[in-house]
Amino acid sequence: MQEVNHTKIIVLVVTALVFFVIAFRVTFFYIPSCENFECFQQKMKSCEKAAYINEEAEATWRYEIEGIANDECQIKVKLLQPKQGSLGIGRLSGYEMTCSFPKGVATYPEGFLDRCHGRLKEEFQSIVINKLHSYILENIGEIDESVDLLEGF
């Protein structure tokens, strides 16, 4: 009889432990997914945890609202899949950055790099600088002529 009570206690403890683990995971780690950008915008305005996959012509992005830090809404942006185009971002797949926006703002986070930090932002800036450098080298003669024309004024 004592053995039956011992088994019941073990089953009860294991059940309670499983329930506690599930409740802990749902409370702290569950992130609901938005099916459309309007849903994500509403969550971003109120800075509620949510995730959204944005399929653009140039790339597929994953946005995840992490919550408020330093009085701003923190959104993790990950480049999931660069697509064909002239952006030159093919090698940035899997890179992330975190963007901060005031509560109440809802936008595409990757469009405001000045509000972001992280490896993805650094790599974007590197691409832009390299493209600008190439443009200047290719057009140095035209730029020089423009400067000469301006000196005449």
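To be clear, the structure that these remarks concern was listed above.
Attention in this report is confined to the structure presented alongside it. Note that this is a predicted model, so its numbers are computed, not measured. (Residues numbered from 1 in each chain as written. Predicted model: local features only at pLDDT ≥ 70, side-chain atom pairs only at ≥ 80, totals over all residues. Heavy atoms only, no water.)

### A look at the sheet that holds strand β1 (residues 50–55)
Moving on, step 1. Strand order in this open sheet of five strands is β1-β2-β3-β4-β5, and the pairing throughout is antiparallel. The open sheet terminates on both sides in strands that have one partner only, identified here as β1 and β5 (116–117).
Moving on, step 2. Relative to strand β4 (residues 96–102), strand β3 (residues 72–82) is paired through seven bridges, and the arrangement is antiparallel. If you follow K78 over to β4, its bridge partner there is E96.
Moving on, step 3. Here helix α2 (residues 37–46) sits on the sheet and contacts β1, β2 (59–69), β3 and β4; the angle it forms with β2, its principal contact strand, is near 20 degrees.
Moving on, step 4. Contacts from helix α3 (residues 119–138) reach β2, β3, β4 and β5 within the one sheet, and its direction differs from that of β4 by about 100 degrees. (Pairing = 2+ DSSP bridges. Helix = DSSP H or I, 4+ residues; strand = E, 2+ residues; numbered from the N terminus. Contact = heavy atoms within 4.5 Å. Axes fitted to C-alpha atoms, helices over the stretch in contact; angles between N-to-C directions.)

### Things to note about the nonpolar core
Moving on, step 1. Ranked by internal contacts, the top residues of the largest apolar core, which has 24 residues, are F40, W61, Y63, I65 and I75.
Moving on, step 2. Taken together, the elements giving at least two residues each to this core come down to α2, β1, β2, β3, β4 and α3.
Moving on, step 3. With residues up to four places along the chain from it excluded, the contact list for Y63 reads F37, F40, A50, A51, Y52, N54, I75, K76, V77, Y108, P109 and E110. (Core = buried A, V, L, I, M, F, W, Y, C linked by side-chain atoms within 4.5 Å. Buried < 20%, exposed > 50% of the residue type's maximum accessible area, 1.4 Å probe, protein only.)

### Things to note about the environment of Y52
Moving on, step 1. With respect to the helices, strands and loops of the structure, Y52 is situated in strand β1.
Moving on, step 2. Relative accessible area serves as the criterion here: at 10%, Y52 is assigned to the buried category.
Moving on, step 3. The spacing of Y52 and F40 is twelve residues in sequence and 6.4 Å in space, taken between C-alpha atoms.
Moving on, step 4. With residues up to four places along the chain from it excluded, the contact list for Y52 reads C34, E35, N36, F37, F40, W61, R62 and Y63.

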